[in-house]
Amino acid sequence: MSASTSASPARDPRTAIGLAFEQAIVTSLGDEYAGADPLIRNTANPELGDFQCNAAMGLAKRVGQPPRELAQKLVEVVDLDGLAEPPEIAGPGFINIRLKSEALTSSLIQMDDPELGVEASDDPRPIVIDLCGVNVAKQMHVGHLRSTIIGDALARVLERRGRKVLRENHLGDWGLPIAMVLHTLRANGTDLDTLTLTELDVAYRDAQARARGDAKGLEAARTRHSGPHRIAELEAQQSGADEARAAASDTLVALQQGDEELVQDWNKLIDVTMQAVYEALDLLNVQMGPDNNRGESFYRDKLQPVIDHFEKTSLCRTDDGALVVDFEDRKRPLLIRKRDGGFLYATSDLAALRHRTQETGASRCIYVVDARQRDHFRDIFDAARLAHWDRTPDDHDVQLVHVPFGSIMGPDKKPLKTRSGTNLTLASLLAEAIERGTSEVASRSENPSAPTHGLDAEAIGAIGRAVGIGAVKYADLSNDLVRDYVFDMDRMIAFEGDTGPYLQYAHARICSLLEKAGESDLGSAAIQLGDPSERQLALVLLRYGSTVADVAQSLEPHRLCGFLHELAETFSSFYQACPVLKAPDDQTRRSRLRLCDLARRVLEDGLGLLGIEAPTRM
Ligand code: ARG
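Definitions and cut-offs
- Residues numbered from 1 in each chain as written.
- Predicted model: local features only at pLDDT ≥ 70, side-chain atom pairs only at ≥ 80, totals over all residues.
- Heavy atoms only, no water.
- Helix = DSSP H or I, 4+ residues; strand = E, 2+ residues; numbered from the N terminus.
- Contact = heavy atoms within 4.5 Å.
- Areas by Shrake-Rupley, 256 points an atom, 1.4 Å probe, with all protein chains shown as cover.
- Lys, Arg positive; Asp, Glu negative; His and termini not counted.
- Charge placed at Lys NZ, Arg CZ, Asp CG, Glu CD.
- Core = buried A, V, L, I, M, F, W, Y, C linked by side-chain atoms within 4.5 Å.
- Buried < 20%, exposed > 50% of the residue type's maximum accessible area, 1.4 Å probe, protein only.
- Disulfide = S-S within 2.5 Å.
- Near = heavy atom within 4 Å.
- Polar contact = N/O pair within 3.5 Å; in protein donor to acceptor, adjacent residues only side chain to side chain.
- pLDDT = per-residue confidence, 0-100.
- Axes fitted to C-alpha atoms, helices over the stretch in contact; angles between N-to-C directions.
- Parallel < 35°, antiparallel > 145°, perpendicular 65-115°, else oblique.
- Left-handed = near helix turned anticlockwise from the far one by under 90°.
- Nonpolar A, V, L, I, M, F, W, Y, C, P; charged D, E, K, R; others polar.
- Expected span 1.5 Å × (residues − 1).
- Arc of directions from axis to C-beta.
- Phe/Tyr/Trp six-rings, centres within 6.5 Å; stacked < 30°, edge-to-face > 60°.
- Lys NZ or Arg CZ within 6 Å of the ring centre and 35° of its normal.
- Pairing = 2+ DSSP bridges.
- Salt bridge = Lys/Arg side-chain N within 4 Å of Asp/Glu carboxyl O.

Description of the overall build of the chain
In step 1: Assigned secondary structure in the chain consists of 22 helices and 13 strands.
In step 2: For the chain, the spread of C-alpha atoms along the principal axes amounts to about 85 × 70 × 45 Å.
In step 3: Long-range pairs, those at least 24 residues apart, make up 73% of the contacts in the chain between residues at least 6 apart in sequence.
In step 4: Carbon and sulfur atoms form 48% of the exposed surface of the chain, whose accessible area is close to 27,900 Å².
In step 5: Taken as two groups, the 70 positive and 94 negative side-chain charges of the chain have centres that lie 3 Å from each other.

Topic: the nonpolar core
In step 1: Ranked by internal contacts, the top residues of the largest apolar core, which has 141 residues, are F21 and I129.
In step 2: Of all hydrophobic cores here, the second largest spans 31 residues; its members include V128, I307, A351 and V369.

Thoughts on the state of the cysteines
In step 1: Throughout the structure, instances matching the rule amount to 0 disulfides.
In step 2: Left without a disulfide partner, C578 is nearest to the cysteine sulfur of C596, which lies 9.5 Å away.

With respect to the site of the ligand
In step 1: Around the ligand, the neighbouring residues are D130, G133, N135, H144, H170, H229, Y345, D349, Y367, V369, Q373 and F377.
In step 2: Measuring from a nitrogen atom of the ligand, one finds a backbone N or O atom of G133 at 2.8 Å.
In step 3: For the ligand, an oxygen atom lies 3.0 Å from a polar atom in the side chain of H144.
In step 4: Protein chains bury 91% of the 350 Å² of accessible surface belonging to the ligand in isolation.

Quick word on the environment of L522
In step 1: Considering the arrangement of structural elements, one finds L522 in the loop between α18 (500–517) and α19 (532–541).
In step 2: L522 gets classed as buried once you look at its relative accessible area, which sits at 10%.
In step 3: Along the sequence, L522 and G461 sit 61 residues apart, while their C-alpha atoms lie 32 Å from each other.

Regarding the confidence of the model for the chain
In step 1: For the chain, per-residue confidence averages 91 on the pLDDT scale, and 95% of positions sit at 70 or higher.
In step 2: For residues 1–10, every residue scores under 50 in pLDDT, and the model assigns this stretch 13 contacts once sequence neighbours within four places are set aside.

Observations concerning the packing of helix α13 (residues 345–358) against helix α14 (residues 374–386)
In step 1: It is the contact of α13 with α14, at a shortest axis distance of 10 Å, that shows an interaxial angle of 50 degrees. Put simply, α13 runs oblique to α14. Taken as a pair, α13 and α14 cross one another with a handedness that is right-handed. Residues Y345, A346, D349, L350 and L353 of α13 form the contact with α14, whose own contacting residues are H376, F377, I380, F381, A383 and A384.
In step 2: Residue classes in the contact of α13 with α14 are distributed as 9 nonpolar, 1 polar and 1 charged.

Quick look at the side chain of N96
In step 1: Checked against the element boundaries, N96 lands in strand β4 (residues 94–97).
In step 2: Beyond its immediate stretch of four places on either side in the chain, N96 contacts T43, L48, F51, Q52, P87, E88 and A90.

Observations concerning helix α15 (residues 426–445)
In step 1: When the terminal C-alpha atoms of α15 are compared, their 29 Å separation across 20 residues agrees well with the 28 Å that a helix rising 1.5 Å per residue should span.
In step 2: Within α15, burial applies to L426, L429, L430, A433, I434, G437, V441 and S445. Taken end-on, α15 shows its buried residues confined to a sector of 135 degrees, consistent with a single buried face.
In step 3: The inward-facing, buried residues of α15 abut α5 (142–160), α11 (260–283), α16 (457–477) and α17 (489–492).

Considering the packing of aromatic side chains
In step 1: Applying the stated criterion to the full structure yields 10 aromatic pairs.
In step 2: Judged by centre distance (4.9 Å) and plane angle (85 degrees), the rings of F298 and Y299 are edge-to-face.
In step 3: Given the relative accessible area of 31%, F298 is considered partly exposed.
In step 4: Across the ring face of F298, the terminal group of R294 is positioned such that the distance to the ring centre comes to 4.9 Å.

Observations regarding the sheet that holds strand β3 (residues 88–90)
In step 1: One open sheet accounts for 4 strands, arranged β1-β2-β4-β3; its pairing is antiparallel. Edge strands, defined here as strands with exactly one partner in the open sheet, are β1 (40–42) and β3. Direction aside, neighbouring strands of the sheet carry axes that sit 35 degrees apart on average.
In step 2: Judged from the 3 bridges that link them, β3 and β4 form a sheet pairing that is antiparallel. Residue pairing across strands places I89 opposite I95, the latter belonging to β4.
In step 3: Of the strands in this sheet, β1, β2 (51–53) and β4 touch helix α1 (residues 13–29), which is tilted by about 145 degrees from β1.

Regarding the pairing of strand β8 (residues 322–327)
In step 1: The element β8 is extensively covered by neighbouring structure, given that 5 of its 6 residues are classed as buried.
In step 2: Bridging between strand β7 (residues 317–319) and β8 involves 3 bridges; their strand directions are antiparallel. Residue pairing in the sheet places R317 in a bridge with V324 of β8.
In step 3: Between β7 and β8, which pair antiparallel in sequence order, lie 2 residues; one of them, D320, sits at a positive phi of approximately 50 degrees.
In step 4: Bridge count between β8 and strand β9 (residues 330–337): 4 bridges; the pairing is antiparallel. Paired with V324 across the two strands is L335, which belongs to β9.
In step 5: Where β8 hands over to β9, the hairpin turn is made up of 2 residues, counted between the paired strands.

Digging into helix α7 (residues 197–210)
In step 1: The end-to-end C-alpha separation of α7 is 20 Å, in line with the 20 Å expected for 14 residues at 1.5 Å each.
In step 2: Looking only at α7, the buried set comprises L197, L200, D201, A203, Y204, A207 and Q208. One side of α7 carries all its buried residues, which in axial view fall inside an arc of 165 degrees.

Topic: the environment of D319
In step 1: Mapped onto the fold, D319 is located in strand β7.
In step 2: The sequence separation of D319 and Q304 amounts to 15 residues, and the corresponding C-alpha distance is 18 Å.

Some words on the environment of T425
In step 1: Position of T425 relative to the elements: it lies in the loop between β12 (408–409) and α15.
In step 2: On a C-alpha basis, the gap between T425 and V142 in space is 6.8 Å, while along the polypeptide they are 283 residues apart.
In step 3: Setting aside residues no more than four positions away along its own chain, T425 makes contact with Q139 and M140.

A look at the pattern of salt bridges
Pairing of side chains with opposite charge becomes possible as their charged atoms draw close.
In step 1: Scanning the entire structure with this criterion turns up 39 salt bridges.
In step 2: For D476, the salt bridge identified is with R146, shortest N-O distance 3.1 Å. With a gap of 330 residues between them, D476 in helix α16 and R146 in helix α5 connect regions that are remote in the sequence. Each member of the pair D476 and R146 is classed as buried.
In step 3: Ionic pairing is found between R339 and D320, a salt bridge with its closest N-O pair at 3.9 Å. Residue R339 is located in the loop between β9 and α13, and its partner D320 is located in the loop between β7 and β8; the two are separated by 19 residues in the primary sequence.
In step 4: Members of the salt-bridge network, linked through shared partners, are D329, R330, R332, R378, D379, D382 and R385.

Structure follows, in C-alpha cells:
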C-alpha cells in the first residue's frame, strides 16, 4: 500500500495553513463563521513571505470591526503548529506568512514517494464517464475528438485519485438514421464486406438527403429551441419523401424484431465504423476498446420500461398523441415518445442514466458532450430526478454532471475544414499533427548536440508522434472547456509558450540533466532550500496533490495544465539561478538534483493525467 493511503496523508502546507486560519476565524468570531473562506493566496513578492491570508478584509464589514484589528485577533489565536514563522500584518490587514524552512523541507520529503502528494479517495463507488459517443456509419469528427480527449483526461485524474471509473462510449448505433442507411445500402446492392468508412459516410448523406424533411416541421422545432438531435430526428420523421421514410421505418421495425440478415448487416456497419474509431483511439493513446461500448442499441429493450415507469408514476402526459414530461420551471416539455410510438435520443439517454445509477451504483455520472446539448442534458437530468434515478438503490445521491465543451474553429473562426474545404475528419487531423510533430523532432535532431541526434527513424517517429498528439491534446485541455478555440497547429506545436511540447521539452531536458549527473539514490539526499528560487520551486511542487484533487472535483483540466506550466517556468527560473551539475559543493549538488528529479516526476505524472506522453529525449 502506498504512503498516501495511510492514516495521515501528506498535505501541502498551503492547505494546512488554510485550515489553521479557518479554525482561527471560528475561535475568534464564533461558530457562525465556520466555513468562511480564509482566502489564502501566494504572495506576489516572496520577500514578504510565502502566503498571505486576506480574510480580515472580507470579514471586517460583516463583523463590524476594522480589518487590521481583526487581523490582529486572528494572528493571536492561529495555531500554525511549527509550520510557519509568526505571521506579520501589513497594509490594511493582510497577514503575511512565511513557512519555516524545516516545515517546507519535511513536506517536500513527505511528498517524495510514488504518490507525489496525491491523496487517494477511499470511496469504492464507481464514477461513470460518458465520452466519445461516435455515431455509426459516420466519420468521427473533431467534436468526438474533444469528448474523447477531455473524458479520458478526467478519467485518468479520477483514477489517479483511486476511483474506479467506467468509461462508457454511448454510440449512436440505433434508430431511424441507421435504418435509413442500412436500407439504402441494401437497396443499392452494396457489398458490405468490402465497404469503407468513406463509402459508408457517403451512403449516410445520401440516405439523409433522400428522406429530407419538410421545412415547416424543422422551422417549428427550431422556434421551440429543440436540441440538434431532435431537429435531425424531425428531418427524417417529417420527411416529404414518404417512400424513403416508409422503407426506412420498415427496416427499423425488422431490425428491432431481430431479423437475422439485417442484424448481421447492421453489425457490419458497426465494424466498419469502429475499426476507424479504434485506430484513432490508439493514436490518441486512449484506453478504450469494445468493452467500453454501450451504445443506444444496448438500451433498446430498456426503453419501454422507462416509458412504463413514467406513465405509472404519472410523470408524463399525452400531448397530441406523443408522450411528454413537464417541468415546473419551464414551458418546453421533454418528448419521450413520438406520436407514431417511436422512441428518441432522449429516451435512450433516460434508459442509460437509469442503468448507470440503478445498476452500477455510481456516485457520479459525468457526460462529456458538446455544449450544444446543454438543454438536452438539463431535461434528462431533471426528468431523472423526477423519477428518483438520481439516488442509488442503497440510497446514495448521484451527482449528474454535464461537462460541456465548445467547438474547434478554423483560422476563419468558422467550424474547422480541410484545405480543400471539406469537413475535417479526425483521422486527417491526427495524421497532420503526427507529421508536424515528427518533422519538428527530426529537424532538431540534426543538431549534433541534441539528445536525439543519431536516433533512427523509428525512434524519431515515436517521439514525433508523442509531440504531435501531445500538442493537440494540450491545446484542447488548456482552455476553459466551454470556450470555442481556434485550431492553430503552428502555435500548438511550438516548443515555447503555453503548449504541450513546451512541457514535454522541459521534462526531457531534466531527463538529460539527470542522465549527465549519473547520480543514484537521490531520495537519500538532504534537501536544502537556501536560494529563493529553490524555495519557490518547492512551494509549487507541494501544490501538485491539491491541484489534482481540485481537478477531480471541478472537472476542469485546464487547472492542471496551468499548474504544470507554472511548474515548468518555475523550474526554469530555478535552473537559471542555481547551477546544478556545477553546484558549489557536493551536498548542494545532490540536493538540487533531488529537486530536479522531483520536478521531473511531477511533470511526467501530470502529463500522464492529461493523457500526454513524456519522452525522455527531445
Ligand atoms: N452520439 C452523440 C452525438 O454525436 C453523442 C452521445 C453523447 N452521449 C450521450 N449519452 N448522449 O452527438
